[in-house]
Amino acid sequence: MRYLPKSDTERRDMLRAVGVDSLDALFAHLPQEVRLNRPLEIPPGKSEYEIVDYFRARGDECASGYPSFLGAGVYHHYRPVLVDTVVSRSEFLTSYTPYQAEISQGTLTTIFEFQTMICQLTGMEVANASMYDGSTAVPEAAMMAIRLTRRDRVLVARTVHPEYREVLSTYAKHQGMPVVEVDYARESGGLDTNDLEKKIDDRTAAVIIQSPNFFGIVEDVRSAAEIAHRHGALLIYVFAEAVSLGVLEPPRDADIVAGELQSFAISPSYGGPFAGIIATKEKFMRQMPGRIVGETKDTRGNRTFCLTLAAREQHIRREKATSNICTNQALVALMATVFMTVYGKQGLRELAEHNLAKAHYLAGKLSLPFTGPFFNEFIVSTKPHTPDAINAALLDRWIIGGLPLERYYPELENTMLLCATEMSRRQSMDIVAEAFR
Amino acid sequence: MIKKVRPHVNQNEALLFENSSPGKRGYQLPPLDVPAVDPGSVLGPANTRDEIADFPEVSEVEAIRHFTRLSTQNYAIDLGLYPLGSCTMKYNPRVNEQVARIEGLAWAHPYQPESLAQGIMEVMATLEKMLAEITGMDAVTLQPAAGAHGEFTGILMVRALLQSQGHPRRKLLIPDSAHGTNPATATMAGYAVENIKSNNLGMVDVDELARAVDGDVAALMLTNPNTLGVFEENITQIAEILHAKGAQLYMDGANMNALVGIARPGDFGADVMHLNLHKTFSTPHGGGGPGSGPVAVKDHLVPFLPKPRLTRVSDSWSWNYDLPQSIGRVRAFYGNVGMHVRALAYIMAHGGDGLRNATLDAVLNSSYLRVLLEPYYDLPHHAPTLHECVFSDARQAKHGVRTGDIAKRLIDYGFHPYTVSFPLIVPGAMMIEPTETESKAELDLFVDALISIAKEVDETPDLVLSAPHDTRTSRVDEVTAARKPILRWKP
């Protein structure tokens, strides 16, 4: 087998050294009753060619090359070629978590740069090396707020991604963490601050908002922070569309930022692997979950980097750790790092402005039920049609339409969420607009 | 003499921010085919940011040199043996990387119509089926993003099962040899932790277990083979003790590389377990992820699996959300699907017999190292081991040299160190797992290196204490890093 680098002669030599006469003898001490006495029912090994062929055929059974107007937490952005060039380097791809700093400076340095860029983008002072994704970063941020405030309840805007809220509720259920939802304003589609004022109390550890929210609306972070802080709660700012930070005011008034970086050159890949982050103020860093890289010196006095603040983590603190997270999303975070480097200061702004222009072009041709400012996605009314009818008509033209919202928000029947990015061509957008007529 | 490497020079590399200069760029966008809009007027001036202060500004050429130069400062499996115990650092087949990038799979949006996602759903369903066969379990969820996330998912399912029987119970039993993720998971799932002591063979003490299991115990979290590489010979009895008191056996599948094709947890009493696709099933570790932590369960836990579940409806795949007893979602969408593609490609390449052969070679490699190193290093537990073995620094400690020092000296010999100071039940642990993808020649070089270091400890301990000597970066001051944290670059 091509992945097993030994000849039978070598195996025999090694068995002789070990002092047994067969490979099976290495398992002789396993009790008879636990042993599998038949071959695994898995087809025989295949050649590389057959494997490629199989997956090509599976790929052909999926949409390929369709213009798509789906967003909702997973965005079609262009992936610069450099991204795969860098992450395909064996030294990044096939290395372990950089515990051995002396031979891991490549990974450690790029993570340090990643943490720095996340801080620059979000207006926070420290960031971790990554979380699994945005959806799991949210409950981790909530648990962090609970530890910091010693309170037990969190408020979450209904306009936070519905699947993020589902994950939050799974985590919260067993931690004695009541989660209460805060409604959105029916006119703007943004946070209903009156409802927030009504529900916040002195047990509230955190208020969680997303911006742009699930409806694409940019939230008034300052007002939400003011209300949260007036009641001694922290504000957690969630983002699912990282490109928005190229143009949006960073959430400086938030206490914790929990985000998803899929937009930064991470393929949609049917929902993962992505990379989440948590960023926060320096004073909260010892309650931050996940790995963190810090700067230090080696014995020769050279600048060097290493994993640090491990006293928060499971391998040191065990049941008292800030989280059980171990393996995170390092290589995916590296994709985001390369993306941020390629676009840089000017490019990320320009990219965000292109998204803004495309979305506003498409939105200008449609009827929007909400008045709040939006970035690259927005809710449209499908009346007099149904969302399904419009999507079916678009599929006939080889276009994937938007996400019908009724499933997540029963009151929003006959609406869908549409997203336009720099990848959306004017011609396809005109076809989409046509379908709503 | 050091046979594997000679000192080599890596280039110095400044940080991106230090290489930046205003106006440099590594991108070009196509011309806008729609009218430009003014951000301030559509978003409102208060919502519009100033420029991102100090964000990188470098050209494409500088970007690729930067990352390529940095990459040369990393060790990697493609450079040689990576003997980290419990981490299963095996070869990551490149064809897996290529098939994961096939457009229809890599660009599938999780909300695209099911009719246009059948191929990727078929991949996931096939992987679920094969993992169920490998583990001897009845059903598998691919949703958890990593091993620890899988543990959390599995324990929540145990909790939901017990809750449905009236009471979730109060605590989890965890052997003192367990990975740190186990107790951390217990806390996140709302359980107290009770440690179970290992016996002098490094196995669970069955009598102590029997005493500890009562109506308060929800489950035992057991790694098998355990972190000493020792198969828990009394596993059937352990499962019986638990089941007799209504408790569940959770198996941490981190060490599944020792069992594939040989023994199946589902056949020896496990009720629920996770797998690490980035260990046993060869998906790359990527410097710390992405991983993937599928969870396999027996029938009685199936109703509690996370939602949605893949289901077959009139000859096509569909997502089923109608699962009233499900623990809910543990992650948005369907998991780290790109890793599922890679793992399936790995299983297909080996086939059923090939997977078993890989296990045989993994155990052969570990046994070979154990036998050749035993004359030079203390082996505190003498029970037979499978895919890994744990030495201690007891002999070297007499010269003031500890496991961490030996590890650093190994770097000079061209190897990544073994796992240092774990499991906690072995003072000064040196935990070695070679995996099956190492040649005899590479193992021999590694043995030579460790024997040579053992001699150095006797003759010139200072040489070992101050290692590494031949690396670009010498020993790193981790204490100052933690005491005075500098976690980002500042101008």
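**Student:** So what about the overall build of chain A? Which residues, and what values?
**Tutor:** Looking only at helices and strands, chain A features 13 helices and twelve strands. Along the longest, intermediate and shortest principal axes, the C-alpha atoms of chain A span 80 × 55 × 50 Å. A separation of at least 24 residues holds for 72% of the contacts in chain A among residues at least 6 apart in sequence.

**Student:** Give a description of the sheet that holds strand S6 (residues 256-260) of chain A that names residues and reports values.
**Tutor:** All names here are of chain A. Spatially, seven strands are ordered S1-S7-S6-S5-S4-S2-S3 in an open sheet, and the strand pairing comes out mixed. Across the chains shown, the open sheet's two edge strands, defined by having one partner strand only, are strand S1 (126-127) and strand S3 (179-182). Examined bridge by bridge, S1 and strand S7 (residues 276-280) share two bridges and lie antiparallel to one another. If you follow Ala127 over to S7, its bridge partner there is Ala279. On top of the sheet, helix H7 (residues 162-173) reaches strand S2 (153-157), S3 and strand S5 (234-239); it is set at about 155° to S3, its chief contact.

**Student:** Lay out the interface of chain A and chain B in plain terms, naming residues and giving numbers.
**Tutor:** Chain A puts 163 residues into the contact, and the matching count from chain B is 175 residues. Ranked by the residues each element gives to the side of chain A that touches chain B, the list is headed by helix H11 (residues 330-363) of chain A, at 23 residues. Here the residues of the side of chain A that touches chain B sort into 75 nonpolar, 53 polar and 35 charged.

**Student:** Run through the confidence of the model for chain B, naming residues and quoting values.
**Tutor:** Per-residue confidence for chain B averages 96 on the pLDDT scale, and 100% of its residues sit at or above 70. Scoring of the predicted complex yields 0.98 for pTM and 0.98 for ipTM.

**Student:** Lay out helix H13 (residues 426-435) of chain A with the relevant residues and their values.
**Tutor:** Residues and elements named next belong to chain A. Residues of H13 that are buried: Ser428, Met429 and Val432. Buried residues in H13, looked at end-on, bunch into an arc of 100°, giving them a common side. Set apart from the buried face of H13 by more than 90 degrees, the exposed residues are Gln427, Asp430 and Glu434. Where H13 is buried, its residues touch H11 and helix H12 (387-396).

**Student:** Help me get a handle on the domain arrangement of chain A, residues and values and all.
**Tutor:** Residue and element names in this part refer to chain A. Domain assignment breaks chain A into domain 1 (82-338) and domain 2 (344-435). Using only C-alpha atoms to locate each centre, domain 1 and domain 2 end up separated by 27 Å. Between domain 1 and domain 2, the residue contacts involve 16 residues of the former and 19 residues of the latter. A breakdown of the residues in the side of domain 1 that touches domain 2 according to their chemical character gives eight nonpolar, six polar and two charged.

**Student:** Describe the environment of Phe378 of chain A, naming the residues involved and giving the relevant values.
**Tutor:** All names here are of chain A. Within the fold, Phe378 resides in strand S10 (residues 377-381). A count of 28 C-beta atoms within 10 Å places Phe378 in the buried class. Aside from chain neighbours lying at most four places away, what touches Phe378 is Gly216, Ala359, Ala363, Leu368 and Leu418.

**Student:** So, the packing of helix H6 (residues 118-135) of chain B against helix H11 (residues 337-373) of chain B: which residues are in play, and what are the values?
**Tutor:** Residues and elements named next belong to chain B. Where H6 meets H11, the closest approach of the two axes is 9 Å, and the angle between their N-to-C directions is 60°. If you check the angle between H6 and H11, you find them oblique. Helix-helix and strand crossings are classified by hand; for H6 and H11 the assignment is left-handed. Contacts between H6 and H11 involve Ile120, Val123, Met124, Thr126, Leu127 and Met130 from the first element and Val337, His340, Val341, Ala343, Leu344 and Ile347 from the second.

Cut-off values and rules
- Residues numbered from 1 in each chain as written.
- Chains lettered and ligands numbered in written order.
- Predicted model: local features only at pLDDT ≥ 70, side-chain atom pairs only at ≥ 80, totals over all residues.
- Helix = DSSP H or I, 4+ residues; strand = E, 2+ residues; numbered from the N terminus.
- Contact = placed C-beta atoms within 7 Å.
- Pairing = 2+ DSSP bridges.
- Axes fitted to C-alpha atoms, helices over the stretch in contact; angles between N-to-C directions.
- Nonpolar A, V, L, I, M, F, W, Y, C, P; charged D, E, K, R; others polar.
- pLDDT = per-residue confidence, 0-100.
- Buried ≥ 20, exposed ≤ 12 C-beta atoms within 10 Å, placed from the backbone.
- Arc of directions from axis to C-beta.
- Domains from an automatic or database assignment.
- Parallel < 35°, antiparallel > 145°, perpendicular 65-115°, else oblique.
- Left-handed = near helix turned anticlockwise from the far one by under 90°.

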